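Geometric and topological summary
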Amino acid sequence: MHRFAVFVAFATFCLIVAGALVTSNEAGLAVPDWPLSYGSLTPPWVGNIRYEHGHRVVASAVGMLTICLAVWLRRREPRRWVRRLGYAALGSVVVQGILGGITVLFFLPAPVSVAHACLAQAFFCMTVTLALVTGRRWQQPAVKVADPGAPGLGQLAAWAMGAIYLQLILGAALRHKGFGIAPHLAGAAVAAGLVVWAMYRVIGRHSEEPVLMRSAGALGVLLALQLILGVGSYLAREATRDAPQPMPVMVYITVAHVAAGALTLASGLWLTLESRRRLAPASAGREKKVREQVVAA
Amino acid sequence: MTLRMILGAAGIVALVMMSACGGGTKESAEVEKKADAPAAFTKVDPATAATITGKAAFAGKAPRAARIDMSAEPDCKGLHTAVPSSEEVVVNSNGTLANVFVWVKGGLEGKTFEPASGAATLDQKGCIYRPHVIGVRAGQTISIANSDPTTHNVHPMPKSNREWNQSQPPKGSNLDRNFPRPEVMIPVKCNVHPWMKSYIGVVDHPFFAVTGDQGTFEIKGLPPGDYVVEAWHEKYGAQEQKVTVAASASQAVEFSFKGE
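Definitions and limits used
- Residues numbered from 1 in each chain as written.
- Chains lettered and ligands numbered in written order.
- Predicted model: local features only at pLDDT ≥ 70, side-chain atom pairs only at ≥ 80, totals over all residues.
- Helix = DSSP H or I, 4+ residues; strand = E, 2+ residues; numbered from the N terminus.
- Expected span 1.5 Å × (residues − 1).
- Buried ≥ 20, exposed ≤ 12 C-beta atoms within 10 Å, placed from the backbone.
- Domains from an automatic or database assignment.
- Contact = placed C-beta atoms within 7 Å.
- Nonpolar A, V, L, I, M, F, W, Y, C, P; charged D, E, K, R; others polar.
- Core = buried A, V, L, I, M, F, W, Y, C linked by C-beta atoms within 7 Å.
- Pairing = 2+ DSSP bridges.
- Axes fitted to C-alpha atoms, helices over the stretch in contact; angles between N-to-C directions.
- Left-handed = near helix turned anticlockwise from the far one by under 90°.
- Parallel < 35°, antiparallel > 145°, perpendicular 65-115°, else oblique.

1. Observations regarding helix α6 (residues 153–175) of chain A
Between its first and last C-alpha, α6(A) extends 32 Å over 23 residues, near the 33 Å set by a 1.5 Å rise per residue. With 17 of its 23 residues buried, α6(A) lies for the most part within the structure.

Take a look at the structure:
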């Protein structure tokens, strides 16, 4: 089941890439109807129809995989919250499909298109969480260590993940012309600051925890890559502003920026879940220590 | 049980959405009904009818025409012997600008004119809209052809009229549509081939023209009077001039657009 959950998370990442290709190639309305494409399941494979219909095909596959995963979890998963997360993922993928249909039928209204992009990232987080918590390593009991300092690493990592998610919303709003670039730049500064703070905390106080070091390292590398891709994407867009069509250089860099954004969010989630699992908040640590002292006395 | 509840909720949402989709048709029918309402048409006496002529001059450096890359679409690329260029800015050899929509913006208030008798045409040929800019009357039929061996979708993006998006198969039958409300300008796009762009100017009278390869225009049959004439270009924006035309007279107007 764990391998299947990992596959669903990977397929969801591919779906995000396929969606980014649709937006960057301005292909969102290349297929005017929904749920069928040109009234069939096999529309003419030309021009931007390839991106839009390709996105629909991958989305349908992810929908099917999510149904299978939810059923599998219902039958085999003993933890209730994991089963519920599977149902939530299934509900999200259904809503996501409906939002995709609304964007097509109502000519890409910015709020719906932004909601579609944001729910995609939230759904990806659900599949990543399912992939992580169904693993054998996760199900073995973890020895909790104290998490000195306030805020605790678990809280800090959650803030960083929240800031990355907010930044993805602002990025989606920018792409769908809901906002200008200023909020996205401000969001980048906030998210980068929180990520660096969380990394500093891991390196300074939890360097003996390899999983935390790995997840923080992945987060740091992806953040750096994401900042570079963000600048590249802006420059490519400016350089090709007068082009009669979306140019490949702009499309590839922007899609890479969206994909790296999703991976940055996933690594922020990984660090959050791992730190919550492995670390005892400072107050809890103190209580434990006091209890131990009382027992010893 | 929970799974059934989720799927049931999704079904209800889908039904609500479908009923919401149906609402637009009624609104459109009402607009068309209003447009068809009988009106007393203004008759222009041919003996006193005036004319406004002129040109759209271009000054400064003309931008280099951007090349359209059709390599991802062999059906389109194969229709051209040379790499086609964007028609966003077409500066003629005589220093004038093509694809400028010139129309009488003010001075005809309260007057209604007989509806257009024929249809305007817009073709998709070589995966390019031809012509690039057209003018039509409000309610006039626009007959949209697809002369290409590939699928297109025709997607006008108006603000005052109703937006629509219609696919058109290779060499399929013409799409006959109209815009009931005046609107200058309505961008039209093919989302299958994102370089394909066109503009439609919709006005409620017959006094408009589009500049061609000589950069000139002629608006005939006007009642004598004071008018505001606007010239619109997709890159260089709109500018207007006040023009007074006497009975049976012809008045020349020159618009000047500046490049970088």
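2. Concerning the domain arrangement of chain A
All names here are of chain A. For chain A, the assigned domains are domain 1 (1–140) and domain 2 (144–297). Using only C-alpha atoms to locate each centre, domain 1 and domain 2 end up separated by 23 Å. The partner domain 2 presents 21 residues to the 20 residues of domain 1 that form the contact. Residue assignment for the side of domain 1 that touches domain 2 shows that the elements contributing at least two residues are α1 (2–24) and α4 (110–133). Counting residues per element, the side of domain 1 that touches domain 2 draws most heavily on α4, at 11 residues. Classifying every residue of the side of domain 1 that touches domain 2 gives 13 nonpolar, six polar and one charged.

3. Comments concerning the nonpolar core
Within the largest apolar cluster, 134 residues are counted, with the highest numbers of intra-cluster contacts made by A:Ala160, A:Ala198, A:Leu265, B:Phe101, B:Val102 and B:Ile219. When near neighbours in sequence (up to four residues on either side) are disregarded, B:Ile219 contacts B:Thr51, B:Ile52, B:Val102, B:Val104, B:Phe207, B:Phe208 and B:Ala209.

4. Comments concerning the sheet that holds strand β13 (residues 216–222) of chain B
Strands pair in a sheet through their backbones, by hydrogen bonds, and they do so in one of two ways: parallel or antiparallel. All names here are of chain B. Spatially, three strands are ordered β13-β1-β16 in an open sheet, and the strand pairing comes out mixed. Unpaired on one side and paired on the other, β13 and β16 (250–258) mark the two borders of the sheet. Here the average twist between neighbouring strands, direction ignored, is 20°. When strand β1 (residues 50–59) meets β16, the two strands line up parallel, connected through nine bridges. In the strand pairing of β16, Ala 57 is matched with Ser 256.

5. Things to note about the environment of A:Val93
All names here are of chain A. As for its placement among the helices and strands, Val 93 is situated in helix α3 (residues 80–105). Judged by C-beta crowding, with 27 C-beta atoms within 10 Å, Val 93 ranks as buried. Among all residues touching Val 93, those that are not within four sequence positions of it are Val 62, Gly 63, Thr 66 and Phe 123.

6. Observations concerning the packing of α1(A) against helix α9 (residues 248–278) of chain A
Residues and elements named next belong to chain A. Across the interface, α1 lies against α9 with an axial gap of 9 Å and an inter-helix angle of 145°. α1 and α9 meet at a crossing whose hand is right-handed. For the pair α1 and α9, contact is made by Phe 13, Ile 16, Val 17, Ala 20, Leu 21 and Ser 24 and by Val 251, Thr 254, Val 255, Val 258, Ala 259 and Ala 262, respectively.

7. Some remarks on the packing of helix α8 (residues 210–239) of chain A against α9(A)
Residue and element names in this part refer to chain A. Remark: α8 packs on α9, axes separated minimally by 8 Å, with the N-to-C direction vectors making an angle of 155°. Here α8 is positioned roughly antiparallel relative to α9, judged by the angle of their axes. Between α8 and α9 lies a crossing of left-handed hand. Classifying every residue of the contact of α8 with α9 by side-chain character gives 18 nonpolar, 12 polar and three charged.

8. Topic: the interface of chain A and chain B
Each partner contributes to the interface: chain A provides 26 residues, whereas chain B provides 28 residues. If you list the elements that add at least two residues to the side of chain A that touches chain B, you get α2 (49–76) and α3 of chain A. A per-class count over the side of chain A that touches chain B returns 19 nonpolar, five polar and two charged.

9. Here's the deal with the domain arrangement of chain B
Many descriptions give the size of an interface as the accessible area lost when the pieces come together. Residues and elements named next belong to chain B. Considered domain by domain, chain B is made up of domain 1 (45–62 + 86–108 + 206–260) and domain 2 (114–204). The centre of domain 1, based on its C-alpha atoms, is set 22 Å off from the matching centre of domain 2. When residues of the side of domain 1 that touches domain 2 are traced back to their parent elements, those giving at least two are β2 (101–106) and β12 (208–210). In the side of domain 1 that touches domain 2, the residues fall into seven nonpolar, one polar and two charged.

10. Some remarks on α3(A)
Over its 26 residues, α3(A) extends 38 Å from the first C-alpha to the last, a length consistent with the 38 Å expected when each residue adds 1.5 Å. Backbone geometry just after α3(A) places A:Phe107 at a positive phi near 60°.

11. Topic: the pairing of strand β7 (residues 152–156) of chain B
Residue and element names in this part refer to chain B. With five of its five residues buried, β7 lies for the most part within the structure. By the alternation rule, side chains of β7 split into His 152, Val 154 and Pro 156 and Asn 153 and His 155, which are all buried. Relative to strand β8 (residues 166–168), β7 is paired through three bridges, and the arrangement is antiparallel. Bridged to Asn 153 within β8 is Ser 167. Sheet analysis places β7 next to strand β10 (residues 183–189), joined by two bridges and oriented antiparallel. Each bridged residue has a counterpart across the sheet, and for Pro 156 the counterpart in β10 is Val 188.

12. A few points about unusual backbone geometry
Backbone torsion omega between A:Trp34 and A:Pro35 reads 10°, so that peptide bond is classified as cis. Tracing the backbone through its elements, the reader meets A:Pro35 in the loop between α1 and α2. B:Pro131 follows B:Arg130 through a cis peptide bond whose omega is -5°. With respect to the helices and strands, the residue B:Pro131 is situated in the loop between β4 (128–130) and β5 (133–137). For B:Asn99, which is not glycine, the phi dihedral falls at a positive 60°. You can see B:Asn99 is positioned in the loop between α3 (74–77) and β2. Positive phi, close to 60°, is recorded for B:Cys127, a residue that is not glycine.

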